[in-house]
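# A look at the structure
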Amino acid sequence: MKKIYLHPLPVRIWHWVNAVSFIVLIITGLQIRYREVLTLTKFKTAVDIHNFFGFLLIADFFLWLAFYVFTGKIKLYIPPLNLKKFFMGCVRQARYYGYGLLMGENSPHHATPDNKFNPLQQTAYFMIMLILLPFQLITGVLLWDIKMFADWIGLLGGIKVVDFIHVVVFFFLTAFLFVHVYLTTLGITPLEHIKAMFTGYDEVEEGGN
Amino acid sequence: MWCIISLILAIPASAGAKKLPLFENAGACMGCHSSREADKVFKDKERISVFVSENDFKNTVHGALNCTDCHPKVSLETHPGRVFESKSAFLKDASGICRTCHTDSQLKAKPNHAYMAEKRDAPLCIECHGAHNVRRVAEWKASLQGNEYCLTCHHQNISKTLRSGERLSLWIDPSYLASSVHNKHACNDCHSEFTRDSHPIKIFPNIREHSISVSDVCRRCHADKYTLLKGSTHYNLSFQVGETLITKGNWKAPVCTDCHGFHTVGPKITYEILSGVPCRKCHEDIFKIYAKSVHGMAKANGVHRAPLCSSCHFAHEIKFTAMTDKIKSACLGCHKGVEGLHKKWLPNAELHLSVVACAACHAPTSEKGIFLQLIDQKTGKPFTQEQIMQLLGTSYEELSERLNAHGQGIDSYELSYIVKQLNERGSGAKVTYLGRMDVNRYSDAHQLSLKKNAVRECESCHKSDSKFFKRVTLAIIKGDGALTRYSAKPDVLRSIVSAFSLKQFYVLGSTRLTVVDWAGIFVVCCGLLFPIAHITLRVLTMPARKAKKLEELRKGEKR
């Protein structure tokens, strides 16, 4: 086993701001949508908090985007052009999570700073960071001031469509959060990956590809 | 000689035929009645002069009569003795004497007297002819100037019977006329067909048609008001004033005289005080609610700028206000800067102000609901009932039956089917529903409360069990602005079936789709189940992993 510097400081800042924002947005979002069920704060307070953390998440997203674009590391998120190879990698990784890990096999993927994500992570993060999250942020801004963005809302098919996208993405991101947190416990020790997101250094198996 | 002729002409036949015996000569009466100070006091303390000018009397057609001819009950023994309740009672009694000689048959010979012959409440003889200085009306009337000429008769309690049997009063109180804004006008400025030489007999079917006809006169001077009136709800509900044509048959809809009166037209200020509001004559129920509102209370407390009916609805150009911004504009006309004030605390304030009626929050006890309107997304204009009927190729009855099927309200399928059909039938429009929150009853819009009582709690609306979102109405506007309301089923706003047709209507928490909620629960549960399932598998496969590790250790030891 060896320790490698996997998460640079901007990434760690982005990640934890993102994490806190996600949790707050999920809770306040639930309260806004299901007011009759969840009454932690007043509706307006929930809306105000939701708006604040929504814009914080937008700023955080651009921090992430700027870092990854300007360092050229954005390619970490983009699946390779060789889709067949990529697909086989996904199958191998899925087999690992579904069988190999249970049988005590080693992961077929070994993280390096230039190849941080396994194919399944790459697919999931590509979908989340470059498709779902932008959709969520855009629809969130549109819903923030419906009157101001009326024309844009019209282009997207109406307010109900915008709300539908926002809510559906919200459900998927919430579901993802459970899976994500669980998968972080699958390191050498249950807290290894989480610690790494604070220190930047993660412990990986030697001889990884 | 002339005395003899005048006696023959003037003294009624009955008087001549049965000469009353002289009880005393006139000198005895005039001993008292020649004094200008002499007067009579009635029980109600009213006084009347009993002075009689002997010279004037002698020159009248009754100059040859003795006092007791007309006052047969007066005797030196009993006079003065008769006591009357009031001046009017005395005059009525005195006038009754005239009919002793001037019988009904004689009166009926002349049209203007024929009316009085059988009327108990007809004007008294002496009101026109005088008491002692009796003259033919024509003798003195001709010398009267201006309106006095007409008022000679019309200040009397006269009336005429219309075809309907209703009696139309022709009485005009000169004091009312004098205090009206028209006090400088001659009678025939309005009643142009009446002159000193011409008094056409006009017979109206009923009093209402008389009012309608008379109101037509007003437009001659008030053309600007007439133009405003012409586009108003009242006008379109009632008739075209100019042609006196009843178009919709609503005879109760007001005309000029209903609000302003006939001869008592007051200055503008008359209608700007609570007691002078003419609207209450028909809209008393709403006025009572208004009177208890913050505006009504302010008005009653002397706040002159507090709004009355016409402040929001205007005086003449009264329009239908439901599903329009007219009332909102009226509110903002006085409450300047409220948009900014709302923005300080209300998220999406501009949106709220455009889709929530002011009264929905500022009349906190009002019954509220959601009103859906079919609009063209391209133009933002609502489809009228006439347009919908034309595009759907249906009659009003068929449309009503369809939209109110079985009286249970429109369901989601029908709601979306209408939009689909309107879009398909080549209207060229992008038809959709636009929703807004408003009060359910017109009267509720008038019970505005103090600012501190206004609804500020977002939770009132933004929750799925908000009752306001279960009271859904499809509001279809007619060409003239009137609204036809069709109730919709309570679940239409949350149904996936009508989701597409309602794609422009969304309220946080209140209109969420039930099916999306269940799909969301499923997705989140999947996310939650993955770790649970995987942990379970890891626990179950722990022996296998341990066995493998031992195997590897054994292999390592062997090496």
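Below is a short write-up of the structure. (Residues numbered from 1 in each chain as written. Chains lettered and ligands numbered in written order. Predicted model: local features only at pLDDT ≥ 70, side-chain atom pairs only at ≥ 80, totals over all residues.)

### Here's the deal with the overall build of chain B
Each helix and strand in chain B was counted, giving 30 helices and 10 strands. For 559 residues, the compact-globule estimate of 2.2 N^0.38 gives 24 Å, and the C-alpha radius of gyration of chain B, at 41 Å, exceeds that figure by more than 25%. Counting over 559 residues, chain B shows a buried share of 21%. (Helix = DSSP H or I, 4+ residues; strand = E, 2+ residues; numbered from the N terminus. Rg over C-alpha atoms; globule rule 2.2 N^0.38 Å. Buried ≥ 20, exposed ≤ 12 C-beta atoms within 10 Å, placed from the backbone.)

### Here's the deal with the sheet that holds strand E10 (residues 483–488) of chain B
Residues and elements named next belong to chain B. One open sheet accounts for four strands, arranged E8-E7-E9-E10; its pairing is mixed. The open sheet has two edge strands, strand E8 (431–439) and E10, and neither has a second partner. Adjacent strand axes in the sheet meet at a mean angle of 30° when their direction is disregarded. Note that strand E7 (residues 368–376) and E8 share nine bridges and pair antiparallel. Paired with Gln-373 across the two strands is Leu-434, which belongs to E8. Strands in contact with helix H28 (residues 412–424) are E8 and E10; relative to E8, the strand with the most contacts, it is inclined by about 135°. (Pairing = 2+ DSSP bridges. Axes fitted to C-alpha atoms, helices over the stretch in contact; angles between N-to-C directions. Contact = placed C-beta atoms within 7 Å.)

### Things to note about the interface of chain A and chain B
Contacts between chain A and chain B engage 29 residues on the former and 36 residues on the latter. With 14 residues, the top contributor of residues to the side of chain A that touches chain B is helix H6 (residues 159–184) of chain A. Residue composition of the side of chain A that touches chain B, grouped by class: 17 nonpolar, four polar and eight charged. (Nonpolar A, V, L, I, M, F, W, Y, C, P; charged D, E, K, R; others polar.)

### Some points on the nonpolar core
Ranked by internal contacts, the top residues of the largest apolar core, which has 62 residues, are Ala-359, Ile-370, Leu-474 and Ala-488 of chain B. No other element matches H6 of chain A, which puts 11 residues into this core. If sequence neighbours within four positions are ignored, Ile-370 of chain B has contacts with Gly-435, Met-437, Phe-468, Phe-469, Arg-471, Val-472 and Leu-493 of chain B. (Core = buried A, V, L, I, M, F, W, Y, C linked by C-beta atoms within 7 Å.)

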